[in-house]
Amino acid sequence: MKVIFLDIDGVLNSDTYMEKQLDNSSVGIESEIDPATLILLKKAVDTTGAKIVLSSSWRIMRKCNELERFMMKFGISLSGKTPYVDGKRGVEIKQYLSENENIEQYLILDDEIFESFDEELVNHLILTKSDQNYHGFGGGLTDKHIKQIVETEEYNNYKENKSEENLIKLSNLEIVN
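Below or above, wherever it landed, is the structure these notes cover.

Basis of the calculations
Residues numbered from 1 in each chain as written. Predicted model: local features only at pLDDT ≥ 70, side-chain atom pairs only at ≥ 80, totals over all residues. Heavy atoms only, no water. Buried < 20%, exposed > 50% of the residue type's maximum accessible area, 1.4 Å probe, protein only. Helix = DSSP H or I, 4+ residues; strand = E, 2+ residues; numbered from the N terminus. Arc of directions from axis to C-beta. Contact = heavy atoms within 4.5 Å. Pairing = 2+ DSSP bridges. Axes fitted to C-alpha atoms, helices over the stretch in contact; angles between N-to-C directions. Phe/Tyr/Trp six-rings, centres within 6.5 Å; stacked < 30°, edge-to-face > 60°.

## Topic: helix α5 (residues 89-99)
Piece 1. Turning to α5, its buried residues number three or more, namely Arg-89, Gly-90, Glu-92, Ile-93, Tyr-96 and Leu-97. End-on view of α5: buried residues confined to an arc of 165°, all on one side of the axis.
Piece 2. Residues of α5 that are buried make contact with β1 (2-6), β2 (51-54), α3 (58-61), β3 (78-81), β4 (105-110) and α6 (119-122).

## Side note on the sheet that holds β2
Piece 1. The 5 strands lie next to each other as β3-β2-β1-β4-β5, forming an open sheet whose pairing is parallel. Whereas interior strands pair on both sides, the edge strands pair on one side only; in this sheet they are β3 and β5 (125-127). Recorded for the sheet is a direction-independent mean angle of 25° between the axes of neighbouring strands.
Piece 2. As judged from the 3 bridges shared by β2 and β3, these two strands associate in the parallel manner. Bridging across to β3, Val-53 finds its partner in Gly-80.
Piece 3. Of the strands in this sheet, β1, β4 and β5 touch helix α7 (residues 143-150), which is tilted by about 165° from β5.

## Comments concerning the packing of aromatic side chains
Piece 1. With the rule as written, the count across this model stands at 4 aromatic pairs.
Piece 2. A ring pair is formed by Phe-5 and Tyr-106, whose centres lie 5.9 Å apart and whose planes are at 80°; its orientation type is edge-to-face. Here the residue Phe-5 occupies a position in strand β1, and Tyr-106 occupies one in strand β4, the gap between them amounting to 101 residues.
Piece 3. A relative accessible area of 0% places Phe-5 in the buried class.
Piece 4. Taken together, a centroid distance of 5.6 Å and an interplanar angle of 55° make the contact between Phe-114 and Phe-117 tilted. Considered together, Phe-114 and Phe-117 belong to a single accessibility category, that of buried residues.
Piece 5. The structure contains a cluster of three or more aromatic residues connected by ring pairs, namely Phe-5, Tyr-96 and Tyr-106.

## So, the pairing of β4
Piece 1. In terms of residue burial, β4 counts as a mostly covered element, since 6 of its 6 residues are buried.
Piece 2. What you see with β4 is no split at all: Gln-105, Leu-107 and Leu-109 on one side and Tyr-106, Ile-108 and Asp-110 on the other are buried throughout.
Piece 3. The pairing of β1 with β4 spans 5 bridges and is parallel. Residue pairing in the sheet places Phe-5 in a bridge with Ile-108 of β4.
Piece 4. Inspection of the sheet shows β4 paired to β5 by 3 bridges, in the parallel sense.

## What about the side chain of Ser-55?
Piece 1. Within the secondary structure, Ser-55 sits in the loop between β2 and α3.
Piece 2. Apart from the residues lying within four places of it in its own chain, the contact partners of Ser-55 are Phe-5, Leu-6, Asp-7, Thr-82, Arg-89 and Ile-93.

## So, helix α4 (residues 64-72)
Piece 1. Looking at α4, one finds that the buried residues are Cys-64, Leu-67, Phe-70 and Met-71. Looking down the long axis of α4, one finds its buried residues gathered within 125° of arc, a one-sided arrangement. The exposed residues of α4 that point more than 90 degrees off its buried face are Asn-65 and Arg-69.
Piece 2. Looking at the buried positions of α4, the neighbouring elements they touch are β1, α2 (35-48), β2, α3 and β3.

In structure tokens:
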């Protein structure tokens, strides 16, 4: 089974989208999740056959049922959620992997590299944080990220192909506690 561990803020929303919402009258989940990013995510899911596992803090801090219903409007279902382990996302993902041995391949869609991410997790990370100096959510999920996911050769051989790129990411970014 293929899995995409999904963060929400900075992946399914962006600074640009959130700024537009200030002038919009929409409320609830629709004001927080950019539908364009769900369309992109659906493309990745359909192309790769990957299951979505929620690793975002939304799974404990937000209305998860509301998020699931909204994602279903785009044909995306959640396959699971990582456990809560002191807010250490890397540990949470590792625990989910150890408890679900049928996972053969996985990617992590996130806008941050956490202190608890070891080299193995970083090698599976598609970082959505933009190089631009955003003040909050960053640039969100884009076609570029989806291309990284859906290219079969890269997805199947992800560990080998990402090592050098992620070393550059590690050296250029702040680690988040």
